Amino acid sequence: MPRTTRPARPARPALLGLAAAAVLAPLAATPLVTSPAAADPASAATATGTTTTGTTTTRSPGAPAADPRPAARARHSLRGDLTDQSFYFVMGDRFANGDPSNDRGGLEGEREVTGFDPTGKGFFNGGDLVGLRERLDYVQGLGTDAIWLTPVFKNKPVQLEDGPSAGYHGYWITDFTQVDPHLGTNEDLAALVDAAHERGMKVFFDIITNHTADVIGYEEGARTAYVPKDVEPYRTAGGRAFDDRDVAGRAFPELDAATSFPYTPVLEEGEEDLKVPAWLNDPRVYHNRGNTTFTGEDSQYGDFFGLDDLFTERPEVVEGMLDIYRTWVGDFGIDGFRIDTMKHVNDEFWQEFGPGMVDYARAQGKDDFFMFGEVALDGSGTAAKAFTSRYTTTDRMQSVLDFPFQDAARGFASRGGSAAAVARFFTADDWYTDADSNVYQLPTFLGNHDMGRFAHFLRADNPGADDAELLRRDVLAHELMYLSRGNPVVYYGDEQGFAGEGGDQLARQTMFASQVPEYADDTQLGTDRTGADDNFVTDHPLYQAIAGLDALTEEHPALRDGALQVRHADDGPGVVAFSRTDAREQVEYVVAVNNSTEARTAAVPTYAARAGFRLVHGDGPADLVTGRDRSLPVEVGPLSTVVYRATRALPASTRAPRIELDRPAPAAAARGRMQVRADVDTTSFAEVTFLARRAGGAWRSIGTDDSAPYRVFHDTSALPTGARVDYRAVVLDNAGHTRSSQVRAARVAAPVLTLDAGADEAGTVSSIDPVTVTAGVDPERADQLVRFERRVGAGDWTRLGVDSSSPVYTWRDDVTGLPVGSRVRYRATLLEPGTPAVRSDVVTVRTAEPVAQRDRVVVAGDLQSEIGCPGDWDPACEQSRLAFDPTDGRWHATFALPAGSYSWKIAVDGGWEENYGAGGAAGGDNLALDVPDGGGDYLFTWDQVSHVPSVEPAG
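About the criteria used
Residues numbered from 1 in each chain as written. Predicted model: local features only at pLDDT ≥ 70, side-chain atom pairs only at ≥ 80, totals over all residues. Heavy atoms only, no water. Helix = DSSP H or I, 4+ residues; strand = E, 2+ residues; numbered from the N terminus. Rg over C-alpha atoms; globule rule 2.2 N^0.38 Å. Buried < 20%, exposed > 50% of the residue type's maximum accessible area, 1.4 Å probe, protein only. Contact = heavy atoms within 4.5 Å. Lys, Arg positive; Asp, Glu negative; His and termini not counted. Charge placed at Lys NZ, Arg CZ, Asp CG, Glu CD. UniProt positions renumbered as here; feature names shortened; annotations may be inferred. Polar contact = N/O pair within 3.5 Å; in protein donor to acceptor, adjacent residues only side chain to side chain. Axes fitted to C-alpha atoms, helices over the stretch in contact; angles between N-to-C directions. Parallel < 35°, antiparallel > 145°, perpendicular 65-115°, else oblique. Left-handed = near helix turned anticlockwise from the far one by under 90°. Phe/Tyr/Trp six-rings, centres within 6.5 Å; stacked < 30°, edge-to-face > 60°. Lys NZ or Arg CZ within 6 Å of the ring centre and 35° of its normal. Disulfide = S-S within 2.5 Å. Expected span 1.5 Å × (residues − 1). Nonpolar A, V, L, I, M, F, W, Y, C, P; charged D, E, K, R; others polar. Pairing = 2+ DSSP bridges. Core = buried A, V, L, I, M, F, W, Y, C linked by side-chain atoms within 4.5 Å. Salt bridge = Lys/Arg side-chain N within 4 Å of Asp/Glu carboxyl O.

As named in an unreviewed UniProt entry, the protein chain is Alpha-amylase family glycosyl hydrolase, taken from Nocardioides kribbensis.

Right under this line is the structure:
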């Protein structure tokens, strides 16, 4: 039976932690002065000599006497207060309807006014906070520790430009101080939080810090194309051009809404004071640059499909957002935040917002207040971890959603990928290790409201599989998630086998019986029920499996936040195995997960020889014993998992192992991170604390690793090129002995400058369009400049110009005067105060006749039926298709139209995923066409470079 009350967790032993002030003190602040080794206690011990037991130093045979104080540098690997949570992610409107009187949010009229339509997947369906509170037994029965709610703040009920569609999802906020009336009241929220807290469950808000609803328009058009900073910089009220990055987080110059931005912001009558708090109604606190394409510079500065993008570089915006969210913590007891669109916000914002929120929460008595951000990306390799980890290191945030885990888990459990890929994934977890955070804090997940549900991925990846196999793979994925590191997140409905047909609206089904046709017809995994039924079924096999996994980790806490040591991985489908060991209990668990459709055996290395292990999960022999080589012989059934627990604690080490520090070097995947690695001569459990100091400064912890290979990726991005940093490491064995390594010095490497000229696979560029040359810098800093040069054929290098508009540096080169077939070479030079110039590699292109960059381009709108299409707004209609013209590099077609007023835009490759409106804006406003009496022929054109659509009378 599912549990309705949650057993108390065992008290967590206090770990040897660093004071917050110490771990957050910037390494860069220490003076560049040489200090004698004797001035620092930690520098006295070397790899050749000292071990300590408890607080008493003992000398190894033949070792010289040494200062006892290096032991103070040894630390246990950090475990935050919330490394053992099970999250349940709920979309408030789609869970349970406890109060039908609020379905229309107090509004009257059609769905385009109220936002309510229980038959429309893009509208409010009726769920609310009262309904969620009434279903807490169901939620807690899964073993849930924390409820994560999509945004509950008051939204713009409907945005007619988006479908139309309603703000049921919570991301179109107009009032940050009030619960959306469709979901209930502030009092309803308080009652929900209180009820959850009484059950020992926490409540997390999904929050937005970088945009509001689409309220601001522009005199030049409502949803316009993005204007880059190098084309039109920001200007002070006095007219002086400036780069906001140069003053981000500091006193901003005075701005004028009429002259400071590339577009002139305007507010419709009646909406001048729509937003709350009032400071959000000032158009000068927004970027006002047009729609984002989600790439390059505009990823941080552009409007998300028209949503008003806040000027987060301004300190007033930082403080305003802190005030908003402090109030929800202080007044309602919210326990933490999931933060939307984190990667689309500048570093300086997070460096203030994160510590500011944590400090406030702790002052309110919430010592375990916790935040994690959305850094959405594809892939699970080193580059993905290097990118996502910068938000917990450079940006000082506590945690991020583990998107790389989702990719790795899908590849393993759904796509039958190599077990070795999962092993490599876990081995790269050290990217997240620093002095105050590590990978154990990351929430892990399998699917969500944007990308889609895991059951949908299973069906897409395994089209020939029956329901039983898909169910087994679903359980396998949850086993990997619950039994590896991190805080597992269950997306509501996944425990009922919800699948859907895709992401976004197609993955946002109601738990209550749905009237939405797409939801009602949804066939679910592991049951014959559909979306037309109420789906709070506690005996569903996935509900039972998830609840059982949570109960397993409650009984064996090491399976939740014990050290994870990769042990074994088959090449190709098969077994991946890892140990989980609690640093205090010192009892090893072996987890072996098999994604093959056949049973597999594996000899899994462990910490101890001749050690007994007992089965605690899965099917297999009840008892096993390791061999003299310390390997445990396991057999794992097809698409199955087994967990064994050692019958006794690890043998205590008699003295600390030898430790040797490798030469530190910049990481290949991130130039601003220094890889510092230690080799430890042990086969038992050990933890290694890494220390760093600037010359003349104090030693500071830069993180503790509890699994081999022992390493950290130290963030040196704020240090000047050539700066010397000293490193050392201290090992702590499983009996409390410590030993310190030798000191190794490294110098901060120069940044890397990477150039791209936008050539196709053949290395050619259009001879009639500007060549967009972009330079990326790693690490990138606000005071950098990039100088661009080109060379045509065997000619001399000539200077094109300089761009200072970080974070992406761009030059647009006119090549129209060059003969077709010209060889053009580009290079760039990075200029940074106090740093030697850095030159990029040369990029070579050839000019060529333009070629089509898309397969299909269609005029879509309410004119298509007049052109001969079966219906209007059809992005795949052949009758309204444009043809590519290589003579001018544009797409054209002429259509005869009768008199009338029409709306239209460009749809690409048969769908709406890529579409362009007024001014070439991605997802931009519809264009208008008025055809006079008598009708006529009209020439439609789309420029594939600028993305601008246009129309004119033909002939």
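Asks: For this particular structure, what's the right way to read the overall build of the protein chain?
Replies: On a plain count of helices and strands, the protein chain comes out with 17 helices and 52 strands. In terms of C-alpha radius of gyration, the protein chain reaches 30 Å, essentially the compact-globule figure of 30 Å for 955 residues. A principal-axis box enclosing the C-alpha atoms of the protein chain has dimensions of 100 × 70 × 55 Å. Looking at the 955 residues of the protein chain, the share that counts as buried comes to 58%. Relative to all contacts within the protein chain whose residues are 6 or more apart in sequence, the contacts with residues 24 or more apart total 71%. Mean positive and mean negative side-chain charge positions of the protein chain (89 and 141 charges, respectively) differ by 12 Å.

Asks: Is there a simple way to explain unusual backbone geometry in this structure?
Replies: Glycine aside, negative phi is the norm for most residues, and most peptide bonds take the trans geometry. Of note, the amide linkage connecting A708 to P709 takes the cis form, showing an omega dihedral of 0 degrees. Inspection of the secondary structure puts P709 in the loop between β31 (700-705) and β32 (710-715). Here the amide bond leading from D778 into P779 is cis, since omega sits at -5 degrees, within 30 degrees of zero. Assignment of secondary structure puts P779 in the loop between β38 (771-778) and β39 (785-792). Of note in this structure, F305 is not a glycine but carries a positive phi near 50 degrees. With respect to the helices, strands and loops of the structure, F305 is situated in the loop between α6 (298-301) and α7 (315-332). Take F305: its relative accessible area is 44%, and that puts it in the partly exposed class.

Asks: So what exactly am I meant to see when it comes to the UniProt feature "domain: Glycosyl hydrolase family 13 catalytic" (unreviewed entry) in the protein chain here?
Replies: UniProt annotation of "domain: Glycosyl hydrolase family 13 catalytic" (unreviewed entry) refers to residues 89-553 when read in the numbering used here. Between the first and last C-alpha atoms of residues 89-553 the distance is 19 Å; the span itself is 30% helix and 11% strand.

Asks: Looking at this structure, how should I read helix α11 (residues 419-427)?
Replies: An α-helical segment advances 3.6 residues per turn. Residues three or four places apart therefore align on the same side. Those residues of α11 that sit buried are A419, A420, V422, A423, F425 and F426. Of the surrounding secondary structure, the elements contacted by the buried residues of α11 are α9 (382-389), α10 (403-414), α13 (467-483), β19 (563-569) and β20 (575-581). For α11, the N-terminal capping position is held by S418, with its side-chain oxygen 3.0 Å away from the main-chain nitrogen of A420.

Asks: What's the story with the packing of α10 against α13 in this structure? I'm lost.
Replies: A pair of packed helices is captured by two measures, namely the crossing angle of their axes and the spacing between those axes. Where α10 contacts α13, the axes come no closer than 9 Å and their chain directions differ by 140 degrees. The angle between α10 and α13 falls in the class oblique. Crossing handedness for the pair α10 and α13: right-handed. Contacts from F405, A409, F412, A413 and S414 of α10 reach α13 at R473, L476, A477, L480 and M481.

Asks: Just checking my understanding: could you explain the packing of aromatic side chains for this structure?
Replies: Each pair of aromatic rings is reported with the distance of its centres and the angle of its planes. Using the criterion set out here, one finds 48 aromatic pairs in the structure. Centroid distance W328 to F332: 4.9 Å. Interplanar angle 35 degrees. Geometry classified as tilted. Of this pair, W328 and F332 both sit in helix α7, separated by four residues, roughly a single helical turn. Summarising the aromatic geometry, the rings of Y607 and F685 are spaced 6.1 Å apart at their centres and angled 85 degrees between planes, so their arrangement reads as edge-to-face. You can see Y607 sitting in the loop between β22 (600-605) and β23 (612-617) and its partner F685 sitting in the loop between β29 (670-680) and β30 (686-694), a full 78 residues away along the chain. An identical accessibility class is assigned to Y607 and F685; each is buried. Three or more aromatic residues joined by ring pairs form one cluster here, namely F153, F176, F205, Y325, W328, F332, F337, F349, W350, F353 and F369. Against the face of F425 rests K385, its NZ or CZ located 3.7 Å from the ring centre.

Asks: Looking at this structure, I do not really get the state of the cysteines. What am I missing?
Replies: A covalent bond bridging the sulfur atoms of two cysteines is what the word disulfide describes. For the structure shown, the criterion picks out one disulfide. Two residues share a disulfide in this structure: C869 and C877, whose sulfurs sit 2.0 Å from each other. Between C869 and C877, the S-S torsion sits near -100 degrees, and that sign places the bridge as left-handed. You can call C877 buried: its relative accessible area is 3%.

Asks: Is there a simple way to explain α7 in this structure?
Replies: If you check α7, its first and last C-alpha atoms are 26 Å apart, about what 18 residues at 1.5 Å a residue would give, namely 26 Å. Residues of α7 that are buried sit in contact with β5 (153-155), β8 (173-179), α5 (186-198), β9 (202-207), β14 (336-339) and α8 (347-363). Backbone geometry just after α7 places G333 at a positive phi near 75 degrees.

Asks: Where do I start with the packing of α13 against helix α15 (residues 541-555) in this structure?
Replies: Remark: α13 packs on α15, axes separated minimally by 10 Å, with the N-to-C direction vectors making an angle of 20 degrees. Comparing the axis directions of α13 and α15 gives the class roughly parallel. At the point where α13 passes α15, the crossing takes the right-handed sense. Of the residues in α15, those in contact with L471, D474, V475, H478, E479, Y482 and L483 of α13 are P541, L542, A545, I546, L549, D550, L552 and T553. Split by residue class, the contact of α13 with α15 holds 10 nonpolar, two polar and three charged.

Asks: Could you clarify how one ought to interpret the sheet that holds strand β24 (residues 623-625) in this entry?
Replies: Note on sheets: strands pair through backbone hydrogen bonds, and any given pair is parallel or antiparallel. Across the sheet, six strands lie side by side as β19-β20-β21-β26-β23-β24; this open sheet has antiparallel pairing. This sheet does not close on itself; its edge strands, each paired only once, are β19 and β24. Within this sheet the neighbouring strands show an average axis-to-axis angle of 30 degrees, counted without direction. Note that β23 and strand β26 (residues 640-646) share four bridges and pair antiparallel. Residue pairing for β26: F613 is matched across the bridge by A646. On the sheet, α13 packs against β20, β21 (588-594), β23 and β26 and is oriented at approximately 30 degrees with respect to β26.

Asks: Before we go on, may I ask you to explain the nonpolar core in this structure?
Replies: Counting 154 residues, the largest nonpolar core has Y88, F95, Y325, W328, F337 and F353 as the members making the most contacts within it. In terms of residue count, α7 provides more of this core than any other element does, nine residues in total. Apart from residues lying up to four places away in sequence, W328 is in contact with F153, F176, T177, Q178, V179, N186, L189, F205, G333 and I334. Core analysis: the second largest hydrophobic core is formed by 22 residues, V857, I906, L929 and V931 among them.

Asks: Could you clarify how one ought to interpret the pattern of salt bridges in this entry?
Replies: Two side chains bearing opposite charge may form a pair once their charged atoms approach each other closely. A full pass over the atoms with the stated rule returns 54 salt bridges. We note a salt bridge from D347 to R390, for which the minimum N-O separation is 2.8 Å. Highlighted residues: D347 in helix α8 and R390 in the loop between α9 and β16 (399-400), separated in sequence by 43 residues. Taking the relative accessible area as the measure of exposure, D347 reaches 17% and is therefore buried. Using a relative accessible area of 24% as the deciding quantity, one classes R390 as partly exposed. Here D726 makes a salt bridge to R724, at a shortest N to O gap of 2.8 Å. Here D726 falls in the buried class, since its relative accessible area comes to 3%. Among the residues examined, R724 registers a relative accessible area of 33% and is labelled partly exposed. Salt bridges here are not isolated pairs; linked through shared partners, they connect D206, R338, D340 and E374.

Asks: Can you help me understand the sheet that holds strand β36 (residues 752-756) in this one?
Replies: The three strands lie next to each other as β36-β38-β41, forming an open sheet whose pairing is antiparallel. Of all strands in the sheet, those with a lone pairing partner are β36 and β41 (809-813), marking the two edges. Neighbour to neighbour, the strand axes of the sheet diverge by 20 degrees on average, direction disregarded.

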